[in-house]
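A closer look at the structure
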Amino acid sequence: MEAMGILPTRPYKVDMNKVTEINLTTQLHIFRELFKPGYSVFKGIRASLLVDPEMKPRFFKSRPIPYALMEKISREPDRLVKAGILKPVRHADQTIRICGDFKITANQAIKVDQYP
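Residues numbered from 1 in each chain as written. Predicted model: local features only at pLDDT ≥ 70, side-chain atom pairs only at ≥ 80, totals over all residues. Heavy atoms only, no water.

Per an unreviewed UniProt entry, the chain carries the name K02A2.6-like and comes from Cordylochernes scorpioides.

Spelled out as structure tokens, the structure:
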């Protein structure tokens, strides 16, 4: 510190637990909108994904659902609609299809910018 022209006038004792607690409390207060319970919608930026044109669409058989989970799984779409995560879409045959495992489909087709 002396090389930078800073001369300490007295020794400082820092309790890292208090520093961390104060910083966390301050950050949680500043960004309280981000940490409030529930879900929110991000608006203002439009995103786009670049897809490799050489990739062909892939379709897979649906995974079997254990009988013990059938009731929970049947309630989940209603919960997601009430939370505003999903929007109901009406089809002619009134079927429901829930998907989400993209590691072997969409993730391989998306062109990702690598830095550097």
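Read on for the rest.
Quick word on the overall build of the chain
Operational definition: Secondary structure elements follow DSSP: runs of H or I of four or more residues count as helices, runs of E of two or more count as strands, with numbering from the N terminus. Only protein chains enter the accessibility calculation, which uses a 1.4 Å probe; a residue is then buried when its area is under 20% of its type maximum, exposed when over 50%, and partly exposed in between.
What the chain contains, in helices and strands, is 3 helices and 2 strands. For the chain, the sequential pattern of α-helices and β-strands runs α-β-α-α-β. Taken across its 116 residues, the chain has 3% of its residues classed as buried.

Let's talk about helix H2 (residues 70-82)
Put simply, the rule reads: Throughout, the bend at a residue refers to the angle made by two axes, fitted to the seven residues ending there and to the seven starting there.
When the local axis directions of H2 are compared, the greatest deviation, roughly 30°, occurs at Glu-76, which is followed within four positions by the proline Pro-77. Count one or two residues on from H2 and you reach Gly-84, which has phi positive near 85°.

A short note on the pattern of salt bridges
Oppositely charged side chains may form a pair once their charged atoms are brought near each other. For clarity, the cut-off: Take a side-chain nitrogen of Lys or Arg and a carboxyl oxygen of Asp or Glu: if they are within 4 Å of each other, that pair is a salt bridge.
One pass over the full model with this rule turns up 3 salt bridges. Notably, a salt bridge pairs Glu-33 with Lys-36, separated by 3.2 Å at the nearest N-O pair. Its relative accessible area of 56% is what places Glu-33 among the exposed residues. Across the salt bridge formed by Glu-76 and Arg-79, the nearest N and O atoms sit 2.7 Å from each other.

A closer look at the confidence of the model for the chain
This is how it is decided: Confidence scores labelled pLDDT are given residue by residue by the predictor and lie between 0 and 100.
Across the chain, the average pLDDT comes to 76, with 72% of residues at 70 or higher. The secondary-structure element of the chain with the lowest mean pLDDT is helix H1 (residues 16-30), recorded at 72, while strand S1 (residues 50-51) shows the highest, at 87.

Some remarks on a nonpolar patch on the surface
Defined as follows: Exposure above 30% relative accessible area and the absence of a salt bridge qualify a residue for a patch, where like charges join within 9 Å and nonpolar side chains (Val, Leu, Ile, Met, Phe, Trp, Tyr) within 5 Å. Per-residue and other accessible areas were derived by the Shrake-Rupley procedure at a 1.4 Å probe size, with only the shown protein chains allowed to occlude residues.
Where nonpolar side chains cluster on the molecular surface, the patch consists of Leu-24, Leu-28, Ile-30, Phe-31, Leu-34 and Phe-35 and spans about 630 Å² of accessible area. Among the structural elements, Ile-30 can be located in helix H1.

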